[in-house]
Amino acid sequence: GENVEQHPSTLSVQEGDSAVIKCTYSDSASNYFPWYKQELGKRPQLIIDIRSNVGEKKDQRIAVTLNKTAKHFSLHITETQPEDSAVYFCAGTDQAGTALIFGKGTTLSVSS
Amino acid sequence: NAGVTQTPKFQVLKTGQSMTLQCAQDMNHEYMSWYRQDPGMGLRLIHYSVGAGITDQGEVPNGYNVSRSTTEDFPLRLLSAAPSQTSVYFCASSYSSGGGGEKLFFGSGTQLSVL
C-alpha cells in the first residue's frame, strides 16, 4: 500500500523566514496530495492540495510543489508568522485511490 | 450544520472493557473514516466507508470494528480495550472519497485512555 514519509519531524524558524516541509510517496498511481494543519488541541484542517496534473499551486503565503518523477511534494510557507506554529501533515491516496494516508507530521515553531 | 460530531470527548477504560465511539455527520457525505493519532506517529487510518453498508480496513484495523447502517453514522467499536489503544481518535468525512480529491472534514476528536 501507499507509504508517505515526511521530513523534518520538527522545524524551528524565526518570524519572517521561510519554511519547507518535504514528503515522499511510494505509489506511483497516487494523484492527490493535500496538506493539513493542526493547531494545538484542535482538529486537522485542509490548507492546500495539489493534483498530479499540476506542478505547483499557490495560495497567498503557502505553496505546494509536486515532482511526479521523483515521487515527492513539498509545502512552502513564506514570511512565516507565529500563528503558523502548528503540526503539518502531508497525505497521499491509498492503492485503491479511496482513502488518505498521512505522513507522521512536522511540528513547525515560529518564534518572534 | 453541525458538521462532524464525535462523542464522547474523553473516555477512560479498563483493560478488557468494550466501548463504542460515536461519529455522526449532517453534510450528506458518502465517505467516512476513523484515524488514530499518537505522538510521533501522525494520523493512522483504522477503517473507512464509502457508503452505507460498505466498510474497509485501513492501516491499523486490528482490535476495532465498524459498521455503516446509515449515511450519517459511523461508530467505531473497541472489542476488548488494551493499553496500546490509548490514543486520540478522529472521525473524518467527505462528499465522495477521502483519496479522490475531496476535502476531509474532521470531528473534534475523542481522547481515550485505557488503564
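Just above, that's the structure.
Residues numbered from 1 in each chain as written. Chains lettered and ligands numbered in written order. Predicted model: local features only at pLDDT ≥ 70, side-chain atom pairs only at ≥ 80, totals over all residues. Heavy atoms only, no water.

**Structural notes on the sheet that holds strand E6 (residues 56-59) of chain A**
All names here are of chain A.
- Strands sit in the order E1-E3-E8-E7-E6 across an open sheet of five strands; the sheet is antiparallel. Pairing within the sheet leaves two strands with one partner each, and these edge strands are strand E1 (4-7) and E6. Between one strand axis and the next, the sheet turns through 15 degrees on average, direction left out of account.
- In this structure, strand E3 (residues 19-25) lies alongside strand E8 (residues 72-77), joined through six bridges in antiparallel fashion. Its bridge partner lying in E8, Val20 is registered against His76. (Pairing = 2+ DSSP bridges. Helix = DSSP H or I, 4+ residues; strand = E, 2+ residues; numbered from the N terminus. Axes fitted to C-alpha atoms, helices over the stretch in contact; angles between N-to-C directions.)

**Section: the interface of chain B and chain A**
- Contact residues are listed per partner, giving 24 residues for chain B and 20 residues for chain A.
- At the junction of chain B and chain A, the tally comes to zero salt bridges.
- Between the two partners, chain B and chain A, sit five residue pairs in polar contact (both at pLDDT 80 or more).
- At five residues, strand E5 (residues 42-51) of chain B tops the list of elements feeding residues into the side of chain B that touches chain A.
- Split into classes, the residues belonging to the side of chain B that touches chain A amount to 11 nonpolar, 10 polar and three charged. (Contact = heavy atoms within 4.5 Å. Salt bridge = Lys/Arg side-chain N within 4 Å of Asp/Glu carboxyl O. Polar contact = N/O pair within 3.5 Å; in protein donor to acceptor, adjacent residues only side chain to side chain. Nonpolar A, V, L, I, M, F, W, Y, C, P; charged D, E, K, R; others polar.)

**Here's the deal with the environment of A:Gly105**
Residue and element names in this part refer to chain A.
- Relative to the helices and strands, Gly105 is located in the loop between strand E10 (100-102) and strand E11 (106-111).
- Taking the C-alpha atoms as reference points, Gly105 and Val87, separated by 18 residues in sequence, lie 6.1 Å from one another.
- In contact with Gly105, other than residues within four places in its own chain, are Gln6, Pro8, Ser9, Val87, Tyr88 and Phe89.

**Examining the nonpolar core**
Residues and elements named next belong to chain A.
- Counting 22 residues, the largest nonpolar core has Trp35, Phe73, Leu75, Ile77, Tyr88 and Leu108 as the members making the most contacts within it.
- Those elements that provide at least two residues to this core are strand E2 (10-14), E3, strand E4 (32-38), strand E5 (45-51), strand E7 (62-67), E8, strand E9 (86-93) and E11.
- It is E3 that contributes the most residues to this core, four residues altogether.
- The contacts of Leu108, once residues within four sequence positions are left out, are Leu11, Val13, Ala19, Ile77, Asp84, Ser85, Ala86 and Tyr88. (Core = buried A, V, L, I, M, F, W, Y, C linked by side-chain atoms within 4.5 Å. Buried < 20%, exposed > 50% of the residue type's maximum accessible area, 1.4 Å probe, protein only.)

**Quick notes on the environment of A:Leu40**
- Within the fold, A:Leu40 resides in the loop between E4 and E5.
- It is 8.9 Å that separates the C-alpha atoms of A:Leu40 and A:Ser85, two residues lying 45 residues apart in sequence.

**Focus: the sheet that holds strand E1 (residues 4-7) of chain B**
All names here are of chain B.
- Ordered by their spatial adjacency, four strands build an open sheet running E1-E3-E8-E7, and the pairing between neighbours is antiparallel. With one partner strand each, in any of the chains shown, E1 and strand E7 (64-66) form the two edges of the open sheet. Here the strands of the sheet are splayed against their neighbours by 20 degrees on average, with no regard to which way each runs.
- Where E7 and strand E8 (residues 76-78) come together, three bridges link them in antiparallel fashion. By the bridge assignment for E8, Tyr64 is matched with Leu78.

The quantities given are spatial measurements derived from coordinates; they are silent on function.
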